[in-house]
Amino acid sequence: MKFLGERGVLITGSAVGLGLELARSFAKAGDRVFLTDILPDVEDTADALAEEIGRPVGAVEIDLSEAGAAACLVDEAESHLGTIDVLINNAVVRKMSPVETLGDADWDRALEVNLSAPFRLIRACLPKMRERNQGRIINMASVYSLMALAGRADYVTTKHAMIGLTRTVALELAATRITCNAICPGLMATDSALERIKTLANDKGISRDEAERLFLSTRQPGGKFIPIETVTALTQFLCGPSSEGINGAAIPVDNGWSFA
C-alpha cells in the first residue's frame, strides 16, 4: 500500500484557498500532485508550487460542469501522475439566493460541479484503484452538509447529497483497501470569507476586527475561524496507514457549530 511520499494525488478546485493548501501539504510530504480549477491561473499556481517544492506539479484549467470534463481530467491527471492514488473532490460553486429567485442555470451548475463531477471522478478513478486494491477518496463537504441555512439552497442541497454519495461509495468499497470519507469544515479564513468581512466592515463603518467578530458571532461557537491546517492534517491522516478502518465517515471540523 502506498502512503505518504509515493502517491499520485488529484485535487479539484485547487488554484486557491483550501484546495491549494491541500496541494501544498501533499506536495511537501513528497507526493505527486495534480491541480485543477476553472480559474485560468491554475497552471501559474502549479508552476509556483513546483518552484517552491523543487519538483514538477501538473495542472489543467477545466470547467467540471461541461460534458466529458471528468473523464478528460482523469486522463490528463493519470498522464502526469502515472496513478491516481488519492482523489480529493474540493471544487465548488454556489449562488447566494432565496429559492424563489435562484435561477435554473445556477441550480444546474451547482448540481454539476458540486455533486455530479465528484460522482463521475470517483467512477472514473475506481477501476484502477480496485486493480491495485488501494486508494483514498476524500469528498470535501461542509458544515452545511449537516445543517441548513436560508439563501443557500444549491450549496446546502449538494453538500447534503455529498454525504449520501460518500456513504454509498464507502459501502461498495468495504471489502477493499480503498476508503471514501467526507470532511465537513466550518468557516476558514479563505479569500472569500475575508472579502465578505471587508464588505461588512465597509457597509457598517466598523473596523476589520469588529467586522470579523460580528461575522463569526452568528456562526462557529467561540467566534473563531477553523485553521486550514486542521483540515489539511485531517486529510493527511485519512489518507495514511492508520485510517483504513475509517470509511464512510462525515467528520465535522467546525468547533461544535453543527450541533450547537
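Undergrad: An account of the overall build of the chain is requested, with residue identities and associated values reported.
TA: From N to C terminus, the chain includes eight helices and seven strands. In terms of overall dimensions, the chain is globule-like: its C-alpha atoms have a radius of gyration of 18 Å, near the 18 Å expected for 260 residues. By its C-alpha atoms, the chain is 55 × 40 × 35 Å across when sized along the principal axes. Out of the 260 residues in the chain, the part that is buried amounts to 49%. Of all intrachain contacts in the chain linking residues separated by at least 6 positions in sequence, the fraction that spans at least 24 positions is 72%. Of the roughly 11700 Å² that the chain leaves accessible, carbon and sulfur atoms contribute 53%. Here the chain contributes 26 positive and 34 negative side-chain charges, whose respective centroids are spaced 6 Å apart.

Undergrad: An account of the packing of helix H4 (residues 104-132) against helix H5 (residues 153-172) is requested, with residue identities and associated values reported.
TA: It is the contact of H4 with H5, at a shortest axis distance of 9 Å, that shows an interaxial angle of 15°. Accordingly, the angle class assigned to the pair H4 and H5 is roughly parallel. Considering the relative orientation of H4 and H5, their crossing is right-handed. The segment H4 lies against H5, with Asp106, Trp107, Ala110, Leu111, Asn114, Leu115, Pro118, Phe119, Ile122 and Arg130 engaging Ala153, Asp154, Tyr155, Thr157, Thr158, Ala161, Met162, Leu165, Val169 and Glu172. The residue makeup of the contact of H4 with H5, split by class, is 13 nonpolar, three polar and four charged.

Undergrad: Help me get a handle on helix H6 (residues 191-204), residues and values and all.
TA: Its 14 residues place the ends of H6 20 Å apart at the C-alpha level, agreeing with the 20 Å of an ideal helix rising 1.5 Å per residue. Where H6 is buried, its residues meet helix H7 (208-217). After H6 finishes, the residue Gly205 shows a positive phi value of roughly 65°.

Rules used throughout
- Residues numbered from 1 in each chain as written.
- Predicted model: local features only at pLDDT ≥ 70, side-chain atom pairs only at ≥ 80, totals over all residues.
- Heavy atoms only, no water.
- Helix = DSSP H or I, 4+ residues; strand = E, 2+ residues; numbered from the N terminus.
- Rg over C-alpha atoms; globule rule 2.2 N^0.38 Å.
- Buried < 20%, exposed > 50% of the residue type's maximum accessible area, 1.4 Å probe, protein only.
- Contact = heavy atoms within 4.5 Å.
- Areas by Shrake-Rupley, 256 points an atom, 1.4 Å probe, with all protein chains shown as cover.
- Lys, Arg positive; Asp, Glu negative; His and termini not counted.
- Charge placed at Lys NZ, Arg CZ, Asp CG, Glu CD.
- Axes fitted to C-alpha atoms, helices over the stretch in contact; angles between N-to-C directions.
- Parallel < 35°, antiparallel > 145°, perpendicular 65-115°, else oblique.
- Left-handed = near helix turned anticlockwise from the far one by under 90°.
- Nonpolar A, V, L, I, M, F, W, Y, C, P; charged D, E, K, R; others polar.
- Expected span 1.5 Å × (residues − 1).

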